[in-house]
Amino acid sequence: MPISIPFLALLFVWKRGFTWYDHGVFVLYSLTFMAMLFMVSSWLSRVHDIGAVIAGLLWLAPPFHMYAQLKGAYDLGVWSALWRTLLLMMFCILAVSIFLPAIVLLGLTG
């Protein structure tokens, strides 16, 4: 979460009325959705063969969720939410690429 908030804040640097707290709430909701998606897809993949297919299809949901969440939470128009969603997806990849090596390094160094 501390890695994600500054990236989200970059998307709204010139837009007034939103604070770090607002971005923190947004990130918490987004991470909660992703955790629930992971739990449901993990459960579905163990249920049956068709469950594995459905679980795979569920991973198409995050971009749509990001778009809907940005549009609703920040009261954005279609185009504004769309380009921010694309940037947010790139920021998510960057945040994960920072987070995972940091976790490995912390694990190795104790």
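Residues numbered from 1 in each chain as written. Predicted model: local features only at pLDDT ≥ 70, side-chain atom pairs only at ≥ 80, totals over all residues. Heavy atoms only, no water.

1. Thoughts on the overall build of the protein chain
- Secondary structure summary: the protein chain contains 5 helices and 0 strands in total.
- For the protein chain, the α and β elements follow one another from N to C terminus as α-α-α-α-α.
- In the protein chain, 52% of the contacts between residues at least 6 apart in sequence involve partners at least 24 apart.
- Carbon together with sulfur atoms contributes 77% to the accessible area of the protein chain, which is approximately 7600 Å² in total. (Helix = DSSP H or I, 4+ residues; strand = E, 2+ residues; numbered from the N terminus. Contact = heavy atoms within 4.5 Å. Areas by Shrake-Rupley, 256 points an atom, 1.4 Å probe, with all protein chains shown as cover.)

2. Section: the environment of Leu88
- With respect to the helices, strands and loops of the structure, Leu88 is situated in helix H5 (residues 78-109).
- Between the C-alpha atoms of Leu88 and Leu10, which are 78 residues apart in sequence, the distance is 9.7 Å.
- Setting aside chain neighbours within four positions, we find Leu88 in contact with Leu8, Leu11, Phe26, Met66 and Leu70.

3. Examining a nonpolar patch on the surface
- On the surface, Ile50, Val53, Ile54, Leu57, Leu60 and Phe64 cluster together to form a nonpolar patch covering roughly 630 Å² of accessible area.
- In terms of residues, the nonpolar patch owes the most to one element, helix H3 (residues 49-58), which gives 4 residues.
- When you line up the elements, Ile50 lands in helix H3.
- Residue classification places Ile50 among the exposed residues on the basis of a relative accessible area of 53%. (Patch = residues over 30% accessible without salt bridge, like charges linked within 9 Å, V, L, I, M, F, W, Y side chains within 5 Å. Salt bridge = Lys/Arg side-chain N within 4 Å of Asp/Glu carboxyl O. Buried < 20%, exposed > 50% of the residue type's maximum accessible area, 1.4 Å probe, protein only.)

4. A short note on unusual backbone geometry
- The phi torsion at Asp75 lies on the positive side, around 55 degrees, for a residue other than glycine.
- Structurally, the position occupied by Asp75 is in the loop between helix H4 (61-73) and H5.

5. A short note on the side chain of His23
- Along the polypeptide, His23 turns up in helix H2 (residues 20-47).
- Among the residues examined, His23 registers a relative accessible area of 3% and is labelled buried.
- Dropping the residues within four chain positions of it, His23 is found in contact with Ile5, Leu8, Ala9, Phe12, Phe18 and Tyr74.

6. Comments concerning the side chain of Ser41
- Counting through the fold element by element, Ser41 comes out in helix H2.
- Only 3.1 Å separates the side chain of Ser41 from the backbone oxygen of Phe38, close enough to count as a polar contact. (Polar contact = N/O pair within 3.5 Å; in protein donor to acceptor, adjacent residues only side chain to side chain.)

7. Focus: the nonpolar core
- If you look at the biggest cluster of nonpolar residues, it comprises 15 residues, and the most contacted ones within it are Leu8, Phe12, Leu70, Tyr74 and Leu88.
- At the level of secondary structure, the elements contributing two or more residues to this core comprise helix H1 (4-10), H2, H4 and H5.
- Considering every element that reaches this core, the biggest residue donor is H5, with 4 residues. (Core = buried A, V, L, I, M, F, W, Y, C linked by side-chain atoms within 4.5 Å.)

8. Description of the confidence of the model for the protein chain
- Residue-level pLDDT values for the protein chain average 88, and 100% of them are 70 or greater.
- Confidence, expressed as mean pLDDT per element, reaches its minimum in the protein chain at H3 with 78 and its maximum at H4 with 93. (pLDDT = per-residue confidence, 0-100.)

9. Concerning H2
- Counted at 1.5 Å a residue, the expected span for H2 with its 28 residues is 40 Å, and the 41 Å between its end C-alpha atoms agrees.
- Among the residues of H2, His23, Gly24, Phe26, Val27, Ser30, Leu37, Ser41 and Leu44 are the ones counted as buried.
- Those residues of H2 that are buried lie in contact with H1, H3, H4 and H5. (Expected span 1.5 Å × (residues − 1).)

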